[in-house]
Amino acid sequence: MAFLLLAATGLVVIFFLNTLVALFKNYRIAKTVGVPIVISLVSPRNGLWLVFQKFLWRRLQNLPFGLGSFVRYNRQGWNYDDKFKMHVDHGKIFIHVTPGGNEVFVADAATSDQILSRRKEFLKPIDMLESVDLFGKSLASVDGADWQRHRRITAPPFNERNSGLVWCESMRQTVQMLQHWTSHHKKSIPHDTSRLALHVLTGAGFGMTYQFRGSLDIPGKGFQFTYRDALDIAMSDVILLMVVPNIVYSLPSAFLPKKLGKYKAAVDEFKRYLVDMVDAAKARALVGEPAHPDLLNTLVQKSQEAGQDLKSETQDKNGLSDEEIYGNLFMFSFAGHETTANALAYSVYLFAAFPEMQEWVAEEVMEVLRGRESIETLEYEVLFPRLKRCFAVMLETLRLYSPVLFVPKCTGPPASLIFEGREITIPPKTHVFPNIVALQTNPEYWGQDALDWKPTRWISRPGSKVDLIQEELVTPVKGSYIPWADGPRVCPGKKFSQVEFVAVIAVLLWKHRVEVVPRGGESKEVARERVKEVVEDSKTKFTLQMRRPDSVELTFVER
């Protein structure tokens, strides 16, 4: 017994010594950069820290003499709460030294632009992204020649022709969602905007259209979960994704804890949905059935045109393997609906909290849609460019409530940056993070009201309806606004999401307005403050989400 205790003590001592040696080594490397340094005793991606941080961080931050200050920038989603404050304390660029490696955080627009523009010097951190490769590599998780191949194949569906389809499907789904909202007392705004966005994606991206309250609410034959529920569960716990090795999911569910067993079942079923979708697309192509050039059909078609064996794992090819098709469909399924759904949900709540902003947008909608009778008369090419205030709502909502909080990059060899007139060199194998939240709340770029939700800041002439034709969208300082990233690796679905968002907002405010339902004896002003508190009380799962959206009740009334 004494021997075991001694051995355990020895292992703990060795662990801490190794930690201190690694920390000192990384500190010496960080000193060469010439920017402020902050130090943590644990890496933010340390497996144990990821599992136990929510139980430890409050206790650690209250330690005397600032001993627990490192949890400020180690906690998941810290920069959403911190906004620009960390950079006020440490500068627009600082380096975070940990035993697991160094991280450079950037809140300078010009430097951010350099990082995002130089794809070959500031790479994707594959070590961070491998955790989301549940079904295969995707555009989001490859670099170099593989990225060029994935980009070449996935880019064609995101064109103007498909934007018209996105516009029509978004409006159709919104009309049905409004019918549901106005006829049911109980509603969940985030759940319903997620449903809508997924239906738009499956309709315009996968060629499968559904009613708002339709087939996706029922699991497929032989399935436990619906497509949407399996996707939600698969992306619901970033800790499981990052900590649990993929090999664990090959074990039978009976050998896993209940939570992990449910997670594995959802992942397995989502894979089956993907396989069925791809097999159906290949079957249609085999018999020469005409297919819309959407994402699913394009991935299959381009791979078949390349003349490759779709079952091959080989990476040196022109098309995509089956696993890569699954990986891209998974990535677009998540990124293509979750981010837009969140932006829509936040905007609906913000409209209820700021009725003057809602009416400002509605003024544009009613003027632009004047004389129209139904959504069939709302043409994309004519109306989308005119709905600038609707677009401004999306831009402002994503400025303050960006679904992702950083753009992850890393160096291979050393890379140089020009910062405030001097050259700084980022050491090799260093993570570099343009800090989206800090950049988008920096008063230098957004003014002293940078933390206020004001869609009007995006319009150069926010006047009355008679001035609508004179209004123009404001272009922000380059590098200061990056919710879709920027440069060569800008989000390929950027325009898809913009068209979808504008269409949904236009239909929502065309003949209705959203209001918060006051609690007993509560004034409208107090009720609106309660909505603001709910919006601000957000956390990061895989994307930023409100913690308790259903704690306030919203209603939609006809104008």
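Everything that follows concerns the structure shown earlier in this document.
## Here's the deal with the sheet that holds strand S4 (residues 122-123)
So, step 1. Read from one edge of the open sheet, 6 strands run S1-S2-S3-S8-S5-S4, paired in mixed fashion. Each end of this open sheet is capped by a strand with a single partner; those strands are strand S1 (37-39) and S4.
So, step 2. Here S4 runs beside strand S5 (residues 409-411); their pairing, made up of 2 bridges, is antiparallel. Within the sheet, the bridge partner assigned to Phe 122 lies in S5 and is Thr 411.
So, step 3. Across the face of the sheet, helix H5 (residues 109-117) comes into contact with strand S2 (93-98), strand S3 (101-106), S4, S5 and strand S8 (431-434) while running at roughly 125 degrees to S8.

## Observations regarding the nonpolar core
So, step 1. Among the nonpolar cores identified, the biggest contains 125 residues, and Trp 167, Leu 329, Phe 330, Val 361, Ile 505 and Leu 508 are the most heavily contacted of them.
So, step 2. Here this core gets 17 residues from one element, more than from any other, and that element is helix H14 (residues 322-353).
So, step 3. Leu 23, Val 97, Val 104 and Ile 115 belong to the second largest nonpolar core, which has 17 residues in total.

## A closer look at the packing of helix H15 (residues 355-368) against helix H20 (residues 494-510)
So, step 1. Relative orientation of the contacting elements H15 and H20 amounts to 95 degrees, with a least axis distance of 9 Å. In terms of their interaxial angle, H15 and H20 are classed as roughly perpendicular. Here Gln 358, Val 361, Ala 362, Val 365 and Met 366 of H15 come into contact with H20, specifically with Ile 505, Ala 506, Leu 509 and Trp 510.
So, step 2. Looking at the contact of H15 with H20, its residues break down into 8 nonpolar, 1 polar and no charged.

## Digging into helix H2 (residues 47-61)
So, step 1. The end-to-end C-alpha distance of H2 is 20 Å, a good match for the 21 Å that 15 residues give at a rise of 1.5 Å each.
So, step 2. Along H2, the largest kink reaches about 80 degrees and is centred on Gln 53.
So, step 3. For H2, the complete set of buried residues consists of Trp 49, Leu 50, Gln 53 and Trp 57.

## A word on the pairing of strand S7 (residues 422-426)
So, step 1. Bridge analysis of strand S6 (residues 415-419) against S7 gives 5 bridges, and the strand direction is antiparallel. When the sheet's bridge partners are listed, Ala 415 is paired in S7 with Ile 426.
So, step 2. Hairpin connection of S6 to S7: 2 residues between the antiparallel strands, including Glu 420 at a positive phi of 50 degrees.

## Some thoughts on unusual backbone geometry
So, step 1. Its identity is not glycine, yet Lys 429 carries a phi of approximately 55 degrees, on the positive side.
So, step 2. The class for Lys 429 is exposed, based on a relative accessible area of 75%.

## Some points on the pairing of S8
So, step 1. The side-chain alternation of S8 yields two buried faces, one formed by His 431 and Phe 433 and the other by Val 432 and Pro 434.
So, step 2. As defined by bridge partners, S3 adjoins S8 across 4 bridges and the pair is classed as parallel. Each bridged residue has a counterpart across the sheet, and for Phe 105 the counterpart in S8 is Phe 433.

## Let's talk about the packing of helix H8 (residues 160-183) against helix H9 (residues 189-206)
So, step 1. Between H8 and H9, the least distance of the axes is 9 Å, while the angle of their chain directions is 145 degrees. Here H8 runs over H9; the crossing is right-handed. Between H8 and H9, the residues in contact are Asn 162, Leu 165, Val 166, Glu 169, Ser 170, Gln 173, Thr 174, Met 177, His 180 and Trp 181 and Ile 189, Asp 192, Thr 193, Leu 196, His 199, Val 200, Gly 203 and Ala 204, respectively.
So, step 2. Residues of the contact of H8 with H9, tallied by class, amount to 8 nonpolar, 8 polar and 2 charged.

## Some thoughts on the packing of aromatic side chains
So, step 1. Within the structure shown, the criterion is met by 25 aromatic pairs.
So, step 2. Aromatic side chains Trp 78 and Phe 105 sit 5.5 Å apart centroid to centroid with 85 degrees between the ring planes, which places their arrangement in the edge-to-face category. Of this pair, Trp 78 sits in helix H3 (residues 78-82) while Phe 105 sits in strand S3, and the two are 27 residues apart along the sequence. Considered together, Trp 78 and Phe 105 belong to a single accessibility category, that of buried residues.
So, step 3. With a centroid separation of 6.0 Å and 45 degrees between ring planes, the pair formed by Trp 78 and Phe 406 is classed as tilted. Separated by 328 residues along the polypeptide, Trp 78 in helix H3 and Phe 406 in the loop between helix H17 (388-400) and S5 bring together distant segments of the chain.
So, step 4. Relative accessible area serves as the criterion here: at 22%, Phe 406 is assigned to the partly exposed category.
So, step 5. Linked through ring pairs, Phe 135, Phe 223, Tyr 227, Phe 270, Tyr 273 and Phe 330 together constitute an aromatic cluster.
So, step 6. Stacked on the ring of Phe 223, the Lys or Arg Arg 272 has its end atom at 3.9 Å from the ring centre.
So, step 7. The residue whose ring lies beneath Arg 399 is Trp 446, and the NZ or CZ to ring-centre distance is 5.2 Å.

## Describing the pattern of salt bridges
So, step 1. One pass over the full model with this rule turns up 31 salt bridges.
So, step 2. Across the pair Glu 324 and Arg 149 runs a salt bridge, and its minimum N-O distance is 3.0 Å. One end of the pair, Glu 324, is in helix H14; the other, Arg 149, is in helix H7 (residues 144-154), with 175 residues separating them in the sequence.
So, step 3. Since its relative accessible area comes to 3%, Arg 149 is described here as buried.
So, step 4. In this structure, the salt-bridge partner of Arg 457 is Glu 396, at a minimum N-O distance of 3.0 Å. Taken together, the positions of Arg 457 in the loop between helix H19 (443-446) and H20 and Glu 396 in helix H17 put the pair 61 residues apart, joining distant regions of the chain. The residues Arg 457 and Glu 396 share a single accessibility class, namely buried.
So, step 5. A single network of salt bridges, built from pairs that share partners, joins Glu 396, Arg 399, Asp 449, Lys 454 and Arg 457.

Calculation notes
- Residues numbered from 1 in each chain as written.
- Predicted model: local features only at pLDDT ≥ 70, side-chain atom pairs only at ≥ 80, totals over all residues.
- Heavy atoms only, no water.
- Pairing = 2+ DSSP bridges.
- Helix = DSSP H or I, 4+ residues; strand = E, 2+ residues; numbered from the N terminus.
- Contact = heavy atoms within 4.5 Å.
- Axes fitted to C-alpha atoms, helices over the stretch in contact; angles between N-to-C directions.
- Core = buried A, V, L, I, M, F, W, Y, C linked by side-chain atoms within 4.5 Å.
- Buried < 20%, exposed > 50% of the residue type's maximum accessible area, 1.4 Å probe, protein only.
- Parallel < 35°, antiparallel > 145°, perpendicular 65-115°, else oblique.
- Nonpolar A, V, L, I, M, F, W, Y, C, P; charged D, E, K, R; others polar.
- Expected span 1.5 Å × (residues − 1).
- Bend = angle between axes of the 7 residues up to and from the residue.
- Left-handed = near helix turned anticlockwise from the far one by under 90°.
- Phe/Tyr/Trp six-rings, centres within 6.5 Å; stacked < 30°, edge-to-face > 60°.
- Lys NZ or Arg CZ within 6 Å of the ring centre and 35° of its normal.
- Salt bridge = Lys/Arg side-chain N within 4 Å of Asp/Glu carboxyl O.

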